[in-house]
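# Results of the structural survey
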Amino acid sequence: MSERVLTRPSLRVGMGARPASAGAPGRRVSRAQGAARRAPGRRAEKGAPARGDAGRRPSGPSLLRGVREVDASGLLSRLRAPIVIAAVVLFVLVSVYPPAQGLYRAWRDQGVKQETLDGLNASIEEYQGDISRLQTREGIEDEARRRGFVDEGEVGVVLEGAPEESDDAPANEGEALPWYVALGDVVFQYEGK
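Residues numbered from 1 in each chain as written. Predicted model: local features only at pLDDT ≥ 70, side-chain atom pairs only at ≥ 80, totals over all residues. Heavy atoms only, no water.

Another point: the overall build of the protein chain. On a plain count of helices and strands, the protein chain comes out with 5 helices and 0 strands. Along the protein chain, helices and strands appear, N-terminal first, in the series α-α-α-α-α. Residues counted as buried form 9% of the 193 residues belonging to the protein chain. Taking the contacts inside the protein chain whose residues are at least 6 apart along the sequence as the reference set, 48% of them involve residues at least 24 apart. Of the roughly 17,700 Å² of accessible surface on the protein chain, a fraction of 58% belongs to carbon and sulfur atoms. (Helix = DSSP H or I, 4+ residues; strand = E, 2+ residues; numbered from the N terminus. Buried < 20%, exposed > 50% of the residue type's maximum accessible area, 1.4 Å probe, protein only. Contact = heavy atoms within 4.5 Å. Areas by Shrake-Rupley, 256 points an atom, 1.4 Å probe, with all protein chains shown as cover.)

Structure below.
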């Protein structure tokens, strides 16, 4: 964006004073008059030294001549589209987050309940197999021996100090979750029940 600086020529007014003519030889020309004398296509820079001020040390705004001034309205007009897009995206994210959080929590709860159901179904199948096995004579005799009963003519042996066999397998409670599920738990603040 080009900056526009408007200048107004100053007039000398007073006793016996005449307006200074821009082209009069031997007369000093003020900054404003020098700007007015320039061609209409050239614009004077704000704070630029006049021709007669070349030997003086620059002060104030002329020190910052190379530094561009920040125009708040120009900056706002250039960043208007990114600001509007960011505001719309933020609004959409804030609007969609609660339903997405509810959906994620329901999905995770359903997954936990499905694992519990699968475990219970496996237990039911195991119990159904035990019931079917205990319906036969061989199954009954095997279970009686396991509990320490013996038939006539047999001798029972008790083994001490041996570890006991357990039918229950230890559950994997500390099972690691995939990274995307762990990230979803953090983003949607899911705490397992």
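Each aromatic ring pair is specified by the distance between its two centres and by the angle formed by the two planes. Per the stated rule, a full pass over the model turns up 5 aromatic pairs. On the numbers, 5.8 Å between centres and 20° between planes, the contact of Tyr97 with Phe188 is stacked. With Tyr97 in helix H3 (residues 80-134) and Phe188 in the segment after helix H5 (179-187), the pair connects residues that are 91 residues apart, well separated along the chain. Exposure remark for Tyr97: the relative accessible area of 28% places this residue in the partly exposed category. Taken together, a centroid distance of 6.4 Å and an interplanar angle of 85° make the contact between Tyr104 and Tyr190 edge-to-face. Here Tyr104, found in helix H3, pairs with Tyr190, found in the segment after H5; they are 86 residues apart in sequence, far enough to count as distant. Like Tyr104, the residue Tyr190 is buried in the burial classification. By way of ring pairs, the aromatic residues Tyr97, Tyr104, Trp107, Phe188 and Tyr190 are connected into one cluster. (Phe/Tyr/Trp six-rings, centres within 6.5 Å; stacked < 30°, edge-to-face > 60°.)

The next thing to look at is the side chain of Asp185. Here Asp185 lies in helix H5. A polar contact is formed between the side chain of Asp185 and the side chain of Tyr104, at a distance of 2.7 Å. Ignoring any residue separated from it by four or fewer positions in sequence, one finds Asp185 in contact with Tyr104, Arg108, Leu177 and Tyr190. (Polar contact = N/O pair within 3.5 Å; in protein donor to acceptor, adjacent residues only side chain to side chain.)

Mapped onto the elements of the fold, Glu143 is located in helix H4 (residues 137-146). Here Arg146 takes part through its side chain, which lies 2.6 Å from a polar atom of the side chain of Glu143.

With respect to the helices and strands, Leu177 occurs in the loop between H4 and H5. Setting aside its immediate chain neighbours within four residues, Leu177 contacts Arg108 and Asp185.

A word on H5. Taken residue by residue, H5 has Val181, Gly184 and Asp185 as its buried positions. Axial view of H5: buried residues confined to an arc of 105°, hence all on one face. Turned more than 90 degrees from where H5 packs its buried face, Trp179 and Val186 sit exposed. Just downstream of H5 lies Gln189, where phi reads positive at about 55°. (Arc of directions from axis to C-beta.)

Quick look at the packing of H3 against H5 now. Direction vectors running N to C along H3 and H5 enclose 130°, while the axes themselves pass 10 Å from each other. In terms of their interaxial angle, H3 and H5 are classed as oblique. H3 and H5 meet at a crossing whose hand is left-handed. Judged by residue contacts, Tyr97, Tyr104, Trp107 and Arg108 of H3 engage Val181, Gly184, Asp185 and Val187 from H5. Across the contact of H3 with H5, the residue classes tally to 5 nonpolar, 1 polar and 2 charged. (Axes fitted to C-alpha atoms, helices over the stretch in contact; angles between N-to-C directions. Parallel < 35°, antiparallel > 145°, perpendicular 65-115°, else oblique. Left-handed = near helix turned anticlockwise from the far one by under 90°. Nonpolar A, V, L, I, M, F, W, Y, C, P; charged D, E, K, R; others polar.)

Our next topic: the confidence of the model for the protein chain. Averaged over every residue, the pLDDT of the protein chain is 75; residues scoring 70 or more account for 59%. Predicted confidence in the protein chain is weakest over helix H1 (residues 31-37), with a mean pLDDT of 58, and strongest over H3, with 95. Contacts of residues 20-24 to residues separated by more than four positions or lying in other chains number 4 contacts, the stretch itself having pLDDT below 50. (pLDDT = per-residue confidence, 0-100.)

Another aspect to go through is H4. Here H4 starts with a cap whose side-chain oxygen sits 3.3 Å from the backbone nitrogen of Gly139, and that cap is Thr136. Looking one or two residues past H4, Gly148 carries a phi angle of roughly 105°, positive in sign.

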